[in-house]
Amino acid sequence: MSLKSLALIENWPVPTAAAGAVRADGTVLGLHGPAGQRFPLASVTKPLAAYAVLVAYEEGAIEFDEPAGPAGSTVRHLLAHTSGLAFDEHKVTAPPGERRLYSNAGFEQLGDHVAKVTDIPFAEYLRQAVLEPLGMTSTTLEGSPAKDGVSTVEDLLRFAAEVQAPRLLDPRTVAEAMSVQYPGTKGVLPGYGHQNPNDWGLGFEIRDSKSPHWTGSSSSRRTFGHFGQSGTFLWIDPDAGAACVALTDRAFGPWAIEAWPAFTDAVLAEL
């Protein structure tokens, strides 16, 4: 089958868009647009970076609950946006574990921590641990592990297949990453306002009962993934047994808030 719903990206008010969907077994369900074109990922970089951190955990280089970031914070706090660090500044604005403060600075400190303990620059660690083994040859990290990834739909579908049926990691580690960390924590979901609770896993945002949200009204509560301010998203819906990626070259804004949920619902309906 080739999902006809992916063609809905043609209606988006963007110069260029590409989309694709993949099953857990790696079967590509469809591609639309320039699936081999490289786009800046913005925060869709974070799940890739988080996966490298999970590899570091399984290799014994780090523990989730070891100190990292500001005083009292751990690797787990940084992955789950509960370290207390500000959004884009390396300053502490809350005690660890108290609020869900979405933080690029937290992911930058996470990258620094992994680089320090492994003695490998984080971009190179990501390449060796995740990108190379998955054949993601068009993906690079060109700066911050929070937001400076560049990739293609084709490469991200390889990643989405891996997360659904892990080969690089023990499935129990990925299950932990998909599980709510610090349940009941409130916070702001960027672009969508205050959410109570604002559920998050280890580097992946979890849909649960959030409203409004960038996924669809028919997306399961267990759906997890990430969107980026460069007009990009990746979601994985375990109940549907599939994942979807869309990349564009127009910054996130009201157009995306309107277009993305209807697109996701159409894809899920066709599945």
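The residue count restarts for each chain, going from 1 along the sequence in the order it is written. Local features are withheld for residues below a pLDDT of 70 in this predicted model, meaning they are given only at 70 or higher, and side-chain atom pairs are given and counted only at 80 or more; totals for whole chains, interfaces and linings count all residues. With hydrogens and water excluded, all non-hydrogen atoms of the structure serve as input to the side-chain values.

Undergrad: Explanation requested: the overall build of the chain in the structure shown.
TA: Put simply, DSSP marks the helices as runs of H or I at least four residues long and the strands as runs of E at least two long, and each gets a number from the N terminus on. Secondary structure summary: the chain contains seven helices and eleven strands in total. A globule of 271 residues ought to have a C-alpha radius of gyration of about 18 Å, and the chain, at 17 Å, matches this closely. In terms of overall dimensions, the chain has C-alpha extents of about 50 × 40 × 30 Å along its principal axes. For every residue, the accessible area (1.4 Å probe, protein chains only) is compared with the maximum for its type, and the residue is labelled buried under 20%, exposed over 50%, or partly exposed between those bounds. Considering the chain as a whole, with its 271 residues, one finds that 58% of them fall into the buried category. Long-range pairs, those at least 24 residues apart, make up 57% of the contacts in the chain between residues at least 6 apart in sequence. Split by element, the accessible area of the chain, about 10400 Å² in all, is 51% carbon and sulfur. Between the centroid of the 20 positive side chains of the chain and the centroid of its 31 negative side chains there is a distance of 4 Å. With the radius of gyration taken over C-alpha atoms, the globule rule is written as 2.2 Å times the number of residues to the power 0.38. It only takes one pair of heavy atoms within 4.5 Å for two residues to be counted as in contact. Calculation of accessible area relied on Shrake-Rupley with a 1.4 Å probe; when residues are assessed, cover is drawn exclusively from the protein chains displayed. When charges are counted, Lys and Arg contribute as positive and Asp and Glu as negative, whereas His and the chain ends are disregarded. For the purpose of locating charges, the reference atoms are NZ of Lys, CZ of Arg, CG of Asp and CD of Glu.

Undergrad: How do you make sense of the layout of surface pockets when you look at a structure like this?
TA: Empty space left among the atoms is revealed by rolling a probe the size of a water molecule over them. Using a grid of 1 Å spacing that covers the protein atoms alone, one calls a set of points a cavity when a 1.4 Å probe fits there but cannot get out, and a pocket when the set is open and has protein on both sides within 12 Å along at least five of seven lines; lining residues are those with an atom within 4 Å of a point. Grid points are joined across faces, edges and corners, and a volume is the space filled by probe spheres set on the points. What the largest pocket holds in volume is close to 160 Å³. Considering the residues around the largest pocket, the lining is formed by 14 residues, among which Ser-43, Tyr-102, Pro-190, Phe-227 and Gln-229 are closest to the centre. Ranked by residues supplied to the lining of the largest pocket, first place goes to strand β9 (residues 224–228) with three residues. Across the lining of the largest pocket, the residue classes break down as seven nonpolar, five polar and two charged. Residue classes follow a fixed rule: Ala, Val, Leu, Ile, Met, Phe, Trp, Tyr, Cys and Pro count as nonpolar, while Asp, Glu, Lys and Arg count as charged, and any other residue, Gly among them, counts as polar.

Undergrad: Got a minute to help me understand the pairing of strand β1 (residues 17–23) in this structure?
TA: Successive residues of a regular strand alternate their side chains across the two faces of the sheet. Buried residues dominate β1, accounting for six of its seven residues. As paired elements, β1 and strand β11 (residues 242–248) share seven bridges and run antiparallel to each other. From the neighbouring strand, Ala-21 faces β11, where its bridge partner is Cys-244. Alignment of β1 against strand β2 (residues 28–32), held across four bridges, turns out to be antiparallel. For Gly-20, the partnering residue across the bridge sits in β2 and is Leu-31. Two strands qualify as a pair provided that DSSP identifies no fewer than 2 bridges between them. A loop of four residues connects β1 with β2, the two strands running antiparallel in sequence, and Gly-26 in this loop sits at a positive phi of about 90°.

Undergrad: Teacher, can you tell me more about the environment of Phe-39 here?
TA: Topologically, Phe-39 is positioned in strand β3 (residues 39–42). With 36 residues separating them along the chain, Phe-39 and Val-75 place their C-alpha atoms 29 Å apart.

Undergrad: Even after reading the chapter, I still don't get unusual backbone geometry, so can you show me in this structure?
TA: The phi torsion of most residues other than glycine is negative, and most of the peptide bonds are trans. With an omega of 0°, the peptide bond running from Asn-196 to Pro-197 counts as cis. Residue position: Pro-197 is located in the loop between β7 (193–195) and β8 (205–206). Following Ser-211, the chain continues into Pro-212 via a peptide bond in cis, with omega recorded as 0°. Within the secondary structure, Pro-212 is located in the loop between β8 and β9. Of note in the backbone geometry, Ala-42 takes a positive phi value of approximately 50° without being a glycine.

Undergrad: Honestly, the sheet that holds strand β4 (residues 140–141) in this entry has me stumped. Any pointers?
TA: The strands that make up a sheet pair up through hydrogen bonds in the backbone, lying either parallel or antiparallel. Strand order in this open sheet of three strands is β3-β5-β4, and the pairing throughout is antiparallel. Each end of this open sheet is capped by a strand with a single partner; those strands are β3 and β4.

Undergrad: Help me understand the UniProt feature "domain: Beta-lactamase-related" (unreviewed entry) in the chain, please; the structure alone is not making it clear to me.
TA: UniProt positions are given in the numbering used here, feature names are shortened, and annotations may be inferred rather than shown by experiment. Look at the UniProt record and you will see "domain: Beta-lactamase-related" (unreviewed entry) annotated at residues 18–253. End-to-end, the C-alpha atoms of residues 18–253 are 18 Å apart, and along that stretch the chain is 27% helix and 19% strand.

Undergrad: Just to check I follow, could you spell out the packing of aromatic side chains for this structure?
TA: Geometry of an aromatic ring pair is reported as the spacing of the ring centres plus the angle between the planes. Pairs were defined over the aromatic rings of Phe, Tyr and Trp, the Trp ring being its six-membered one, requiring ring centres within 6.5 Å. Orientation was assigned from the angle between planes: stacked under 30 degrees, edge-to-face over 60, tilted for the rest. In total, this model carries 17 aromatic pairs according to the counting rule given. Ring geometry for Tyr-102 against Trp-200: centres 5.6 Å apart, planes inclined by 50°, an arrangement best described as tilted. In this pair, Tyr-102 sits in the loop between α2 (75–79) and α3 (104–118) while Trp-200 sits in the loop between β7 and β8, placing the two residues 98 residues apart along the sequence. By relative accessible area, Tyr-102 is classed as buried at 10%. Summarising the aromatic geometry, the rings of Tyr-192 and Phe-252 are spaced 5.8 Å apart at their centres and angled 50° between planes, so their arrangement reads as tilted. One end of the pair, Tyr-192, is in the loop between β6 (187–189) and β7; the other, Phe-252, is in the loop between β11 and α7 (254–270), with 60 residues separating them in the sequence. This pair shows no difference in class: Tyr-192 is buried, exactly as Phe-252 is.

Undergrad: Explanation requested: the nonpolar core in the structure shown.
TA: The nonpolar side chains of a soluble globular protein tend to be buried, and buried together. Judged by nonpolar contacts, the single largest core of 54 residues is most densely connected at Tyr-51, Leu-79, Val-130, Leu-156 and Phe-159. The leading source of residues in this core is helix α1 (residues 45–58), at nine residues. Excluding residues within four positions of it along the chain, Phe-159 makes contact with Pro-47, Leu-48, Tyr-51, Val-130, Leu-134, Met-136, Phe-204 and Leu-234. Working definition of a nonpolar core: buried Ala, Val, Leu, Ile, Met, Phe, Trp, Tyr and Cys residues. They are joined through side-chain atoms within 4.5 Å.

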